[in-house]
Amino acid sequence: MGRLFLIHLEGKIYSCKHCQTHLALYTDIMSKSFHCRHGKAYLFHKVVNVMVGLKEERAMMTGLHTVSDIFCVGCGSIVGWKYEAAHDKSQKYKEGKFILERFKVSGPDGSHYWVSHDPHVGGSDDDDA
């Protein structure tokens with residue numbers, strides 16, 4: 001398979017909860033007001049150490065988006081998704097940005113986010129819509 005080269009981040013980081021591979025910096029968070037089926041999700045300007053999956057259309061609370069799941073390169077776990085395209089003009093700011101699901105990552109202080117059992121209808125997306 002070859003040798004795996006990981007990017008090591010300095011500062012307050014979010015990492016894969018399974019293998020602790022660094023994924024993103026706290027300073028790259030654009031919004032903490034997103035939700036997914038497991039609870040909270042954060043929008044990041046950039047992430048590292050992920051593989052981008054196949055593009056697919058998903059109907060979300062704020063409309064139709066073309067997204068790709070993102071996988072940790074350390075262990076292969078799905079950690080979120082990348083917004084490839086937004087079909088609504090007001091959602092274009094998401095294009096090229098990444099969602100990390102809080103349930104799937106460890107926070108800068110090593111904390112884990114626990115699943116909310118509250119019902120959430122409508123798929124994953126920003127709760128400000």
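Residues numbered from 1 in each chain as written. Predicted model: local features only at pLDDT ≥ 70, side-chain atom pairs only at ≥ 80, totals over all residues. Heavy atoms only, no water.

## What to know about the sheet that holds strand β9 (residues 105–106)
To keep things clear, this is the line we draw: A pair of strands counts as paired when DSSP detects no fewer than two bridges linking them. To qualify as a helix, a DSSP run of H or I must reach at least 4 residues; to qualify as a strand, a run of E must reach at least 2; elements of each kind are numbered from the N terminus.
Reading across the sheet, the three strands line up as β2-β1-β9 and stay open at both edges, with antiparallel pairing between neighbours. Each end of this open sheet is capped by a strand with a single partner; those strands are β2 (22–25) and β9. One ladder, built from two bridges, connects strand β1 (residues 13–16) with β9; its direction is antiparallel. Each bridged residue has a counterpart across the sheet, and for S15 the counterpart in β9 is S106.

## Structural notes on the packing of aromatic side chains
We apply this condition: Only Phe, Tyr and Trp rings are paired, with Trp represented by its six-membered ring, and only when their centres lie within 6.5 Å; those with planes under 30 degrees apart are stacked, over 60 edge-to-face, the remainder tilted. Under the scheme applied here, a residue whose accessible area is under 20% of the maximum for its type counts as buried, over 50% as exposed, and between as partly exposed, the area being computed with a 1.4 Å probe on protein chains only. For a Lys NZ or an Arg CZ to count as sitting over a ring, it must be within 6 Å of the ring centre and within 35 degrees of the ring normal.
Taken as a whole, this structure holds three aromatic pairs when the rule is applied. An angle of 90 degrees between the planes, with centres 5.9 Å apart, marks the rings of Y14 and Y42 as edge-to-face. Of this pair, Y14 sits in strand β1 while Y42 sits in strand β4 (residues 39–44), placing them 28 residues apart in sequence. Each member of the pair, Y14 as well as Y42, carries the same accessibility label: buried. For the ring pair Y14 and F44, a centre distance of 5.6 Å and an interplane angle of 75 degrees mean the geometry is edge-to-face. Taken as a pair, Y14 in strand β1 and F44 in strand β4 lie far apart in primary sequence, 30 residues in all. Classification of Y14 by relative accessible area gives buried; the value is 4%. Grouping aromatic residues by their ring pairs yields a cluster made of Y14, Y42 and F44. Of note, K12 hangs over the ring of Y26, and the distance from its end group to the ring centre comes to 4.8 Å. Lying over the aromatic face of F103, K17 brings its terminal NZ or CZ to 3.7 Å of the ring centre.

Shape is all these values report; function is a separate question.
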